[in-house]
Amino acid sequence: YCDNRKTLSYPKVRTYIRQQMVEAIKEIYPNTEIVVGVATGGIAQGALVAQELGVPFIYVRSSAKAHGMGNQIEGYYEEGQKIVVIEDLISTGGSSLKAVEALRDAKLDVRGLVAIFTYGFDLAHENFANAECPYVTLSDYNTLVEVALKNDWINENDMESLSEWRRAPKEWKK
């Protein structure tokens, strides 16, 4: 599991991620009016990105709150606003796309999604394509493994097991 929440504990790493997300949004999704964080992993980075871009921030839960106002989307927005969704991790894309669906149901113009990391599963690519939601990530599984090998955090003997996991994580080590 790639725990991107830990990046928030390191100011230099947190800043780098924020800056890279901001640059991606400026380049790929110009004219963004609102940044949206996906609960919970995308909230902190999303708020930091929105602050740097000087745009409002809202966030979306996986489901409507069971009490209070019963909101699934928190914060002020208006129909038709151009938004970019911030996520920490993409595995299958399921939770990210559930958030995108809720935002579209609220009549927001979802331009795309920016995430810190993806495992690069074919299923995720397929799910995002089917949802017509472009996305970009700052890093991916292949890069992680490559850097780990280069820095001797893993060795060549680990590569087969890591490749097996990547091909079929549910079947790995059964």
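The structure we're discussing is the one just above.
Numbering of residues starts from 1 in each chain and follows the order in which that chain's sequence is written. Only residues with pLDDT of at least 70 get local features here, since the model is predicted, and only at 80 or more are side-chain atom pairs given and counted; chain-wide, interface and lining totals rely on the full set of residues. Excluding hydrogens and water, the side-chain values take into account all heavy atoms of the structure.

Enquirer: Help me out: how do you make sense of the overall build of the protein chain in this one?
Expert: Counting from the N terminus, the helices are DSSP H or I runs at least four residues long and the strands are E runs at least two residues long. Each helix and strand counted, the protein chain has 6 helices and 6 strands in total. The order of α-helices and β-strands along the protein chain, N terminus first, is α-β-α-β-β-β-α-β-α-β-α-α. Its C-alpha atoms give the protein chain a radius of gyration of 17 Å, near enough to 16 Å, the size a compact globule of 174 residues would have. Its C-alpha atoms put the protein chain at 55 × 35 × 30 Å along the principal axes. C-alpha atoms define the radius of gyration, and 2.2 Å times the number of residues to the power 0.38 defines the globule rule.

Enquirer: Can you walk me through the sheet that holds strand 1 (residues 34–38) in this structure?
Expert: The strands that make up a sheet pair up through hydrogen bonds in the backbone, lying either parallel or antiparallel. Judged by pairing direction, the sheet is mixed, and its 6 strands sit side by side in the order 3-2-1-4-5-6 without closing on themselves. Two strands close off the open sheet at either side, each with one partner strand: strand 3 (73–74) and strand 6 (135–140). Two strands pair when backbone bridges link them, and strand 5 (residues 109–118) and strand 6 are joined in this way by 5 bridges, in the parallel orientation. Across the sheet, the residue bridging to Leu113 is Tyr135, located in strand 6. The contact criterion used throughout is that any non-hydrogen atoms of two residues lie within 4.5 Å. Where helices are involved, their axes are fitted lines through C-alpha atoms of the stretch in contact, as for all axes, and angles between N-to-C directions lie from 0 to 180°. With respect to the sheet, helix 5 (residues 141–150) is in contact with strand 5 and strand 6, its orientation differing from that of strand 6 by roughly 15°. Here, any two strands with at least 2 DSSP bridges between them count as paired.

Enquirer: Which parts of the structure should I look at to understand the environment of Lys6?
Expert: With respect to the helices and strands, Lys6 occurs in the segment before helix 1 (11–28). On the accessibility criterion, Lys6 (55% relative accessible area) is exposed. Placed 145 residues apart in sequence, Lys6 and Asn151 show a C-alpha to C-alpha distance of 20 Å. Note on classification: 1.4 Å probe, protein chains only; a residue is buried when its accessible area is under 20% of the maximum for its type, exposed when over 50%, partly exposed between these limits.

Enquirer: Mind showing me how you'd approach the packing of aromatic side chains here?
Expert: The geometry of an aromatic ring pair comes down to the distance between the two centres and the angle between the two planes. The aromatic pairing rule takes the rings of Phe, Tyr and Trp, using the six-membered ring of Trp, and pairs them if the centres are within 6.5 Å, calling planes under 30 degrees apart stacked, those over 60 edge-to-face and the rest tilted. According to the stated counting rule, one finds 7 aromatic pairs in the structure shown. With 5.5 Å between their ring centres and 25° between their planes, Tyr119 and Phe121 make a pair best called stacked. Each member of the pair Tyr119 and Phe121 is classed as buried. On the numbers, 6.2 Å between centres and 55° between planes, the contact of Tyr119 with Tyr141 is tilted. Note that Tyr119 is positioned in the loop between strand 5 and helix 4 (122–130) and Tyr141 in helix 5, a separation of 22 residues in sequence. Take Tyr119 and Tyr141: they sit in the same class, and that class is buried. The rings of Phe117, Tyr119, Phe121, Tyr141 and Trp165 are connected pair by pair, giving a single aromatic cluster.

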